[in-house]
Every structure is written in C-alpha cells, then in structure tokens.
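Summary of the model geometry
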Amino acid sequence: MRENVVIRTVTRLAVPFILVFGLYIILHGSSRAGGGFQGGVIVASAFILIGIAFGLDETQRRIREKVRTIASILGISIFIGIGLLCILFGANFLGYAAIPLPLDTPWVRGLMMEAVEIGIGITVMAVMTSIFYDVATKEEGE
Amino acid sequence: MISEHLPILAVILPLVGALTVLLAGWAERRYCYPVAVAVLTIQFGLSLAILREVLRGGTIHYYLGDWAPPWGIELVVDHLSAYVLVILVFLSLLSCIYAKRSIGGEIDPQKTVAFYVMFLLLVVGVCGITVTGDIFNLYVFLEISSIAAYTLVASGREKKGLLAGFNYLIMGTISACFILIGIGHLYVVTGTLNMADLARLLPPLYDSTIIHVAFIFFIVGLSIKTALFPLHTWLPDAYSHAPSAISVLISTVISKMGIYATIRILFSVFTVGFIVDHLPILEFFAWVAAIAVIAGSVIAIAQTDLKRMLAYSSVSQMGYIMLGIGIANSVAMTGGVLHILNHALIKGCLFMVAGAIIYRVGLRKIDDFKGLAGRMPYTCAAFFIAAISMIGLPPTVGFMSKWYLTLGAIEAGEWFFVVVILASTLLNAIYFWRVLEYAYFRHADAETPELESRVPVSMLLPMLVLAAGCVVFFFAVSIPLGIIDAAVADLLGGA
C-alpha cells in the first residue's frame with residue numbers, strides 16, 4: 001500500500017474522537033436520541049477508517065477475526081442475559097424494574113438499558129467491521 | 001413460571017441456539033449439526049407447549065419489559081399463530097435433519113458453520129413473526145428471516161444459485177420497502193404500531209386516502225413475499241438453484257411465513273370490516289389467486305426439471321391458500337388455512353425427494369427418471385404419496401383442503417372458482433403423472449450404470465415422516481380442524 005501521510009495523520013487524529021463520539025451515542029440510548037445501533041456503527045466506522053488508511057493486513061493483525069466473532073457473540077449474550085435475568089427475578093423479558101439493585105426504579109431501568117445498549121453496540125460494531133473486511137478481502141481461490 | 005414466558009422464549013431459544021452453533025463450530029465443524037438439531041427439537045417442544053397453552057387458555061398476551069400495549073411491544077399468540085408456529089418449526093426441524101448429508105456435496109465445508117447459524121437465524125425470524133402482535137416487529141422479523149433466506153439460497157456451489165439469491169434479494173428488498181412504507185403510513189395516521197390498537201383506531205379512518213395507500217403498499221409488498229402470481233418471478237430460480245435442504249426450507253417455511261403475515265395484516269390489522277365492506281379487495285384477491293392456480297399449473301407442465309416443476313407448482317399452491325382467503329367465508333378459509341399445513345407437508349416431502357434423487361443419482365431432468373422406482377423404492381413411494389396428496393385424492397390430506405375450498409366456493413356461489421379448483425386438479429394430475437410414469441412404468445435404458453442408490457437415513461426419515469403425515473392427517477383431520485375453526489372464527493370475527 002502506498003504511503004499517504006495526510007490520510008494516515010488525519011486518521012490518527014480522528015479515530016480517538018470517533019470512538020468517544022460512538023461511546024457517547026451508545027450511552028445516550030436510554031435518555032436521548034442515540035442507541036446501540038447508531039453508536040455501534042460509528043465505532044465500526046473508526047475501524048473501517050483504520051483499514052482504509054493503514055491497509056487491511058495491518059488492521060487484521062490488530063483486530064483479528066476471532067476477536068470480532070467473540071465480540072459479536074458477547075454483545076448479543078449481554079442483551080439476552082439481561083433479558084433472561086429479568087425473567088429470573090419474576091418480571092417479563094427485559095422488565096428491568098425487577099432487578100434488585102439498591103437504587104430507585106428509574107435508575108435501575110436506565111442502567112440496565114445502558115447495559116443492553118452497550119451489548120447491542122458491541123455486536124453492531126463487530127458485525128459492521130466484519131462485513132467491511134469480508135467485502136474488502138477476496139476469498140482464496142477466486 | 002416458564003409457561004407464561006413461552007412466547008418470548010420461542011424467539012430467544014433459536015437465537016441462543018445460533019450463537020451456540022457458532023461457538024460449537026469454532027471448536028469443531030461437525031458439532032454444528034447435532035447442536036442445531038437439538039435446538040430445533042427443543043424449539044419444537046416449546047411450540048407444542050405454546051399450542052397447548054393456547055388451546056387451554058385462549059390467546060396469550062405477553063408484554064415485553066412489562067410495558068402495557070400500545071406503549072410497549074406486545075407478543076400475541078392466538079390459535080392461528082400457534083398453529084402456524086408448530087408447522088413451521090416442525091418443517092424447520094425436518095429440513096435441518098435432512099440438511100446433514102444433502103449439503104455435503106452442495107456447500108463448501110468451510111461454510112457449514114455459517115450455514116447452520118443462518119438456518120437458526122431464519123427460524124428466529126419465522127418464530128418472531130408468528131408470535132408478535134406489533135407490525136413493526138413483524139417487519140423486522142420478516143427481514144431477519146428473509147435476509148437469512150437470501151444468503152442460504154446463495155450458499156451453494158452452483159453459480160446459478162448466487163444469481164438466484166441475488167434476484168431474490170432484490171425482489172425481497174423491494175417488497176420489504178413496500179411493507180415498510182405501508183407501516184409508515186399507518187403510523188403517521190394513527191400513531192400506533194400495535195395490531196390490536198390499529199384495528200381499534202382504523203375504522204373511523206377507513207375513508208382516508210392514506211389508509212388506502214398504506215393498504216395497497218402492504219398488499220403489493222406481501223404479494224411479492226408470498227410469490228403471488230404475477231409477482232412470483234424470483235421464486236422458480238430461488239427454489240430450483242438453492243441447496244436441496246434450503247429448497248425444502250424456503251418452499252415450506254418462508255412461503256408460509258409470507259402467507260401468515262398477509263393473513264395477519266388483512267384480518268388482524270385492517271379487519272374484515274375494511275377488506276369486505278369498505279374496499280372490496282378480497283374479490284380481486286380471489287381472482288388473482290385463481291389465475292395463479294391455473295397459470296402455475298400450466299407453466300409447471302412445461303418444465304423438464306423436477307425442482308423447477310415443483311417451484312411452479314408452489315406458485316399454484318400459494319394461489320389455493322389465497323383463494324381460500326379471498327373467498328373469505330368460514331368454510332373456504334378453513335380450506336385455505338388447512339392448506340398451509342398440507343402444502344408444508346407435501347411440498348416439503350417433494351423437494352426432499354427431488355434433493356435425494358440429485359444427491360444419489362444426480363438426476364434433475366424428469367425424462368431421465370426411467371426405472372427410478374426400482375432403484376430408489378422408498379424415495380419414490382414418498383413421492384407417490386405426496387403427489388397424490390398434491391393432486392387431491394383420498395386418502396391423503398390434500399383431498400381435505402380441496403374439499404373445503406370447493407365447498408366454500410359453492411357456498412359463496414362462486415361457480416367459476418369451483419371450476420378453477422377442479423381444472424387445476426386435472427393439471428396437477430398431468431404433471432405429477434408424468435414423473436410417476438417415468439419412475440414406475442418406463443424401464444431403465446440398458447446402458448444405465450447400476451449406481452449405489454441407497455438414500456442415507458437422515459434424508460430418508462424426514463421425507464417418510466412427511467409422506468406419512470399426508471396420510472395420517474387425512475384420518476386425523478379433526479385435530480388441525482379443531483384449531484383452525486377457532487382461528488378462522490377469530491379472523492372473521494374481526495378479533
């Protein structure tokens with residue numbers, strides 16, 4: 001891959017901000033506009049940008065396929081886990097209020113919702129990045 | 001404690017199953033199959049439990065996150081949902097069992113893990129559609145299962161499968177857009193997405209043009225999904241070039257899912273008051289369905305490839321179900337809804353046979369089937385039973401649904417549709433007879449090499465179960481009819 005100083009420098013500068021913005025969007029899912037899906041896509045865009053600027057091999061070494069697969073499983077598992085936890089405490093699926101935390105109900109709901117959003121964010125991030133790499137890399141034998 | 005959470009578990013279980021398959025596939029590729037079969041077996045038990053609950057206590061309502069509708073998302077399982085759920089999960093289970101050997105030659109071994117993961121994700125979508133009581137949820141699940149279906153159709157080695165999958169993707173996405181636009185229109189006017197709430201809020205708005213536009217978008221979108229003639233163009237390629245197990249899966253599960261969604265939108269959202277009294281669309285529906293019945297059969301006669309013939313036959317069979325819905329008296333509806341079960345049993349069995357013939361002797365063309373019955377006796381016997389059920393002869397279940405459809409048409413005074421049903425029966429007989437004649441009565445050419453033609457048990461068992469089902473449900477037709485009567489009463493009562 002040809003060296004391109006401008007793209008690489010801009011990427012280095014931009015990636016931290018993109019990541020923070022992505023996290024911000026994810027964590028605002030419960031109270032304002034935002035959520036796991038939107039935030040996850042933004043975080044994924046940071047990884048895609050790295051892939052474009054530094055080449056796919058370099059990025060593959062940093063975020064390996066296994067990590068991505070684990071992340072996508074982990075994200076959904078957080079979502080399902082919290083949902084089932086609510087059933088365990090006698091509420092319906094995702095009935096956060098039943099989870100016994102030493103907090104007021106709105107806080108419990110908010111916290112659990114954030115946790116679920118984070119789970120969604122992780123999965124979306126991992127899957128979006130995977131889609132990018134799968135499209136960008138040619139399969140062997142083609 | 002578990003019993004009240006059954007509807008949500010029906011969605012969660014295959015999702016967890018999909019993740020488990022992914023993990024299992026990581027450890028060792030051949031663990032995927034037993035895990036997937038185990039998950040679907042449990043899922044089948046679960047769906048039976050749901051059916052039992054519904055039969056005992058009536059419609060189940062489940063509020064997600066304890067938010068009461070119309071604010072929260074509600075899962076609703078009534079007789080129709082439970083009935084469709086059991087059929088679809090059962091067919092998914094059988095085609096998963098069938099998949100083990102049949103995908104061996106059709107799919108890259110590397111893709112096995114992804115294959116079973118997508119398979120279970122498809123089941124997630126299908127189960128979600130049947131249990132949800134919210135139209136946006138319905139759309140999301142429709143997309144989950146459709147996207148899984150596109151990838152599965154394209155998953156084979158055949159290049160044509162890729163093209164078929166792509167076509168299917170384009171058509172499916174157009175249809176999804178239409179459905180989404182329809183949902184958007186309804187939401188703008190009513191401010192709700194809950195089906196029961198919509199049914200309550202819509203009547204005063206029946207004259208609104210927006211509602212009419214929404215309705216038309218829904219109908220066109222769903223007609224593409226169900227491959228109602230003349231919007232069926234994606235279907236023949238997708239059915240005939242997909243891997244065999246997937247042909248079975250999409251011809252039974254995905255097509256029934258579209259039908260179910262159509263029935264839900266027509267009868268639970270717009271209700272009989274709208275579609276019969278206000279905008280007499282059902283009459284039109286019945287005519288289109290009648291054309292589909294005849295056209296599908298005629299084109300099927302012209303096919304030389306068995307899978308393609310079955311695909312066109314599906315177009316015509318979808319027409320039967322729609323005809324029952326279009327005539328819309330309780331008898332014809334019973335026939336139509338019963339045909340959901342029949343067609344799943346019959347078409348599942350026939351596609352399994354077609355897949356087994358390709359797997360064992362590598363033949364796709366009907367003309368090459370000479371003397372096949374001698375080499376593959378059980379497979380051909382299964383084909384024979386399913387074929388006479390498709391034609392509608394007793395003692396098979398196909399007779400029952402045609403009987404009810406015909407009675408319904410007579411009761412409605414629609415003599416033309418009676419003629420259509422009888423004429424298509426003859427056409428069915430023509431194209432299935434051709435296959436049976438080649439398989440049973442033509443002698444094999446002398447130079448045909450004697451191939452090893454025993455079909456593996458994992459392929460033979462599902463097709464024999466389905467063939468047996470065709471006969472069993474002729475005698476035990478009162479079991480599904482008991483559920484269907486309640487379901488039809490719900491639908492026509494405007495519930």
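All values reported here derive from a predicted model rather than from experimental measurement.

Rules used in this analysis
Residues numbered from 1 in each chain as written. Chains lettered and ligands numbered in written order. Predicted model: local features only at pLDDT ≥ 70, side-chain atom pairs only at ≥ 80, totals over all residues. Helix = DSSP H or I, 4+ residues; strand = E, 2+ residues; numbered from the N terminus. Rg over C-alpha atoms; globule rule 2.2 N^0.38 Å. Buried ≥ 20, exposed ≤ 12 C-beta atoms within 10 Å, placed from the backbone. Contact = placed C-beta atoms within 7 Å. Pairing = 2+ DSSP bridges. Axes fitted to C-alpha atoms, helices over the stretch in contact; angles between N-to-C directions. Left-handed = near helix turned anticlockwise from the far one by under 90°. Nonpolar A, V, L, I, M, F, W, Y, C, P; charged D, E, K, R; others polar. Core = buried A, V, L, I, M, F, W, Y, C linked by C-beta atoms within 7 Å. Expected span 1.5 Å × (residues − 1). Parallel < 35°, antiparallel > 145°, perpendicular 65-115°, else oblique. UniProt positions renumbered as here; feature names shortened; annotations may be inferred. pLDDT = per-residue confidence, 0-100.

**Observations concerning the overall build of chain A**
When helices and strands are counted, chain A shows five helices and zero strands. The linear arrangement of helices and strands in chain A, starting from the amino end, is α-α-α-α-α. Taken over C-alpha atoms, the radius of gyration comes to 18 Å for chain A, far larger than the 14 Å a tight globule of 142 residues would show. In chain A, which comprises 142 residues, the share counted as buried stands at 31%. Sequence separation of at least 24 residues holds for 65% of the intrachain contacts in chain A that already meet a minimum separation of 6.

**Let's talk about the overall build of chain B**
Across its full length, chain B holds 20 helices and two strands. Its C-alpha radius of gyration of 22 Å places chain B within 12% of the 23 Å reference for a compact globule of 495 residues. Residue pairs in contact within chain B that sit at least 24 positions apart in sequence constitute 79% of those at least 6 positions apart.

**Concerning the pairing of strand β1 (residues 60-63) of chain B**
In regular strands, side chains alternate between the two faces of the sheet. Residue and element names in this part refer to chain B. Burial along β1 is one-sided: Ile60 and Tyr62 are buried, while His61 and Tyr63, pointing the other way, are not. Where β1 lies against strand β2 (residues 74-77), four bridges are found, and the strand directions are antiparallel. The partner of Tyr63 across the bridge, within β2, is Glu74.

**Brief notes about the packing of helix α13 (residues 306-327) of chain B against helix α17 (residues 397-411) of chain B**
Residues and elements named next belong to chain B. Between α13 and α17, whose axes approach to 10 Å, the crossing angle comes to 30 degrees. For the pair α13 and α17, the sense of crossing is left-handed. Taken together, the residues of α17 that come into contact with α13 (itself represented by Tyr320, Leu323, Gly324 and Ile327) are Leu405, Gly408 and Ala409. When the residues that make up the contact of α13 with α17 are grouped by side-chain class, the tally is five nonpolar, two polar and no charged.

**Structural notes on the nonpolar core**
Residue and element names in this part refer to chain B. Core analysis: the largest hydrophobic core is formed by 224 residues, its most contacted members being Leu120, Val153, Cys349 and Ala386. Among the elements that line this core, the one with the most residues is helix α14 (residues 330-361), at 18 residues. In contact with Cys349, not counting residues within four places along its chain, are Ala382, Ala386, Met463, Leu466 and Ala467.

**Describing helix α20 (residues 478-492) of chain B**
End to end, α20 of chain B covers 20 Å across 15 residues, agreeing with the expected 21 Å (1.5 Å per residue, within 8%). Turning to α20 of chain B, its buried residues are Pro480, Ile483, Ile484, Ala487, Val488 and Leu491 of chain B.

**Topic: the packing of helix α3 (residues 79-102) of chain B against α14 of chain B**
Residues and elements named next belong to chain B. Axis separation between α3 and α14 bottoms out at 11 Å; the angle between their running directions is 5 degrees. By the angle class used here, α3 and α14 are roughly parallel. Within the contact between the two elements, α3 uses Val84, Ile87, Leu91, Leu94, Tyr98, Arg101 and Ser102 and α14 uses Ile340, Leu341, Ala344, Gly348, Met352, Gly355 and Tyr359. Taken together, the residues that form the contact of α3 with α14 break down as ten nonpolar, three polar and one charged.

**A word on the environment of Ser92 of chain B**
Residues and elements named next belong to chain B. As for its placement among the helices and strands, Ser92 is situated in helix α3. What makes Ser92 buried here is the crowd of 26 C-beta atoms within 10 Å. Setting aside anything within four residues of it in sequence, one finds Ser92 in contact with Leu40, Val123, Leu249 and Val253.

**Thoughts on the interface of chain A and chain B**
Counting residues at the interface gives 13 residues for chain A, matched by 13 residues for chain B. For the side of chain A that touches chain B, the per-class residue count stands at nine nonpolar, four polar and no charged.

**Some remarks on the UniProt feature "domain: Na+/H+ antiporter MnhB subunit-related protein" (unreviewed entry) in chain A**
Per the UniProt entry, the sites bearing "domain: Na+/H+ antiporter MnhB subunit-related protein" (unreviewed entry) are residues 6-129 of chain A in this numbering. Helix makes up 78% of residues 6-129 of chain A and strand 0%, whereas the separation of the span's terminal C-alpha atoms amounts to 23 Å.

**Side note on the confidence of the model for chain A**
Mean pLDDT over chain A: 83, with 94% of residues reaching 70 or higher. Helix α1 (residues 5-27) of chain A holds the highest mean pLDDT among the elements of chain A, 89, whereas helix α3 (residues 56-62) of chain A holds the lowest, 75.

**What to know about α1 of chain A**
Residues and elements named next belong to chain A. Across its 23 residues, α1 extends 34 Å between first and last C-alpha, which sits within 8% of the 33 Å expected from 1.5 Å per residue. Every buried residue of α1 is listed here: Gly22, Ile25 and Ile26. Those residues of α1 that are buried lie in contact with α2 (36-54) and α5 (105-136).

**Points about the UniProt feature "transmembrane region" (unreviewed entry) in chain A**
Residues and elements named next belong to chain A. When the UniProt feature table is mapped onto this chain, "transmembrane region" (unreviewed entry) is found at residues 12-31, 37-57, 69-98 and 118-136. Helix makes up 95% of residues 37-57 and strand 0%, whereas the separation of the span's terminal C-alpha atoms amounts to 27 Å. For residues 118-136, helix accounts for 100% and strand for 0%, while the C-alpha atoms at its two ends are 27 Å apart.

**Some thoughts on unusual backbone geometry**
Residue and element names in this part refer to chain B. The omega torsion across Pro69 and Pro70 is 5 degrees, close enough to zero to call that bond cis. Along the chain, Pro70 falls in the loop between β1 and β2. Here Pro394 and Pro395 are connected by a cis peptide whose omega angle stands at 0 degrees. Here Pro395 is to be found in the loop between α16 (377-391) and α17. Its identity as a non-glycine residue notwithstanding, Asp66 has a phi of 60 degrees, on the positive side. Mapping Asp66 onto the fold places it in the loop between β1 and β2.

**Focus: the environment of Ser313 of chain B**
Residues and elements named next belong to chain B. Tracing the backbone shows Ser313 in helix α13. Taking the C-alpha atoms as reference points, Ser313 and Ala489, 176 residues apart in sequence, are found 30 Å from one another. Contacts of Ser313, omitting those with residues within four sequence positions, involve Gly296 and Ala300.

**Quick word on the environment of Gly348 of chain B**
Residue and element names in this part refer to chain B. Tracing the chain through its elements places Gly348 in helix α14. In the structure, Gly348 is positioned 95 residues away from Val253 in sequence and 9.1 Å away in space, judged by C-alpha atoms. With residues up to four places along the chain from it excluded, the contact list for Gly348 reads Leu91, Leu94, Val248, Thr252 and Leu466.

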